[in-house]
Amino acid sequence: MIRVCFVCLGNICRSPTAEGVMHHLVREAGLADRVVIDSAGTGDWHLGEPPDRRTQAAARRRGLELDHLRARLFTADDFARFDLVLAMDASNVANLERMAPDGAARARIRLLRSFDPTAPAGAEVPDPYYGGPGGFEEVLDVCERACRGLLAHVRASLGA
Ligand code: 4NP
């Protein structure tokens, strides 16, 4: 079993998108019973809310339903519940590193795009919240590429 948690700021745009994309890829790969997938935010403005309506609309155009998801806060306890804590950007990494109780927890934190072999080092998933509709499409494109790389890593870890 491998457990992954995607983390952004609000848990209403980027990390729910990554969760939906990864869920789809894992199911397609026949690994649904071997991978736990979740998402959370480091900010508390939208707790309990479904994903942003723009995020949901963009995902739905690609056949992904995100309406059942609800925003939650990432907590220090989550480091023990997940093997990989996948941050969308460098500020998420900094927030997570401040919360990490020890070195083992810190070692679980990665930038999601570090799993995309075509992305430059340090590449981020850009925050679409205050931008135009194209930003939500870009988040999907970027998450699809990164999650394909993540799936390859997961397969290797599982020996599947
Ligand atoms: P997310 O986007 O971190 O991708 O969910 C944001 C959502 C809400 C806010 C910022 C970013 N906000 O400032 O409320």
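Higher on the page you've got the structure.
Throughout, residues of each chain are indexed from 1 in the direction in which the sequence is written. Local features in this predicted model are restricted to residues of pLDDT 70 or higher, and side-chain atom pairs are both shown and tallied only at a pLDDT of 80 or more, whereas totals for entire chains, interfaces and linings draw on every residue. Side-chain calculation: all heavy atoms of the structure are included, whereas hydrogens and water are not.

(A) Quick peek at the sheet that holds strand 1 (residues 2-8). Spatial ordering of the open sheet is given by 2-1-3-4, a layout of 4 strands whose pairing is parallel. For this open sheet the edge positions go to strand 2 (35-41) and strand 4 (109-111), each flanked by a neighbour on one side alone. Each adjacent strand pair in this sheet contributes to an overall mean axis angle of 25 degrees, direction not counted. For two strands to pair, DSSP has to find at least two bridges joining them. What counts as a helix is a DSSP run of H or I of at least four residues, what counts as a strand is a run of E of at least two, and both are numbered from the N terminus. The pairing of strand 1 with strand 2 spans 7 bridges and is parallel. Opposite Arg 3, over in strand 2, you have Val 36 as the bridge partner. Contacts between residues were defined by any pair of non-hydrogen atoms, one from each residue, lying within 4.5 Å. Where helices are involved, their axes are fitted lines through C-alpha atoms of the stretch in contact, as for all axes, and angles between N-to-C directions lie from 0 to 180°. Lying over the sheet, helix 1 (residues 14-28) contacts strand 1 and strand 2, oriented at roughly 170 degrees with respect to strand 2. Packed on one face of the sheet, helix 4 (residues 90-99) meets strand 1, strand 3 (84-87) and strand 4 and runs near 175 degrees to strand 4.

(B) Quick look at the site of the ligand. Proximity is defined per residue: if any heavy atom of the residue lies within 4 Å of a molecule or strand, that residue is considered near it. Taken together, Cys 8, Leu 9, Gly 10, Asn 11, Ile 12, Cys 13, Arg 14, Trp 45, His 46, Asp 127, Tyr 129 and Tyr 130 form the complete shell of residues around the ligand. In protein, a polar contact means a hydrogen-donor-capable atom and an acceptor-capable atom, both N or O and within 3.5 Å, with residues adjacent in sequence counting only if both atoms are side-chain atoms; elsewhere, any N or O pair within 3.5 Å suffices. Here an oxygen atom of the ligand and a side-chain polar atom of Asp 127 are 3.5 Å apart. Side-chain polar atom of Tyr 130 to an oxygen atom of the ligand: 3.4 Å apart, as the coordinates give it. In these tables, accessible area is a Shrake-Rupley quantity obtained with a 1.4 Å probe, and a residue counts as shielded only by the protein chains included in the view. In the complex, 93% of the free accessible area of the ligand, which totals 350 Å², lies under the protein chains. Of the two site types, the cavity is a set of points on a 1 Å grid over the protein atoms alone where a 1.4 Å probe fits but cannot get out, and the pocket is an open set with protein on both sides within 12 Å along at least five of seven lines, each lined by residues with an atom within 4 Å of a point. Molecules are considered to sit inside a cavity or pocket once more than half of their atoms lie within 2 Å of its grid points. Among the detected pockets, the ligand sits in the second largest pocket.

(C) Representation of the layout of surface pockets within the structure. Its volume calculated, the largest pocket comes out at about 210 Å³. Lining the largest pocket are Glu 19, Gly 20, His 23, His 24, Arg 27, Ile 37, Gly 63, Leu 64, Glu 65, Leu 66, His 68 and Leu 69. A total of 5 residues in the lining of the largest pocket trace back to one element, the largest contributor, which is helix 1. Polar here means any residue other than Ala, Val, Leu, Ile, Met, Phe, Trp, Tyr, Cys and Pro, which are nonpolar, and Asp, Glu, Lys and Arg, which are charged; Gly is therefore polar. By residue class, the composition of the lining of the largest pocket is 4 nonpolar, 5 polar and 3 charged. Grid points are joined across faces, edges and corners, and a volume is the space filled by probe spheres set on the points. Counted as a void, the second largest pocket has a volume near 170 Å³. In this structure, the second largest pocket is lined by Cys 8, Leu 9, Gly 10, Asn 11, Ile 12, Cys 13, Arg 14, Trp 45, His 46, Asp 127, Tyr 129 and Tyr 130. Of the residues belonging to the lining of the second largest pocket, the class tally is 7 nonpolar, 3 polar and 2 charged.

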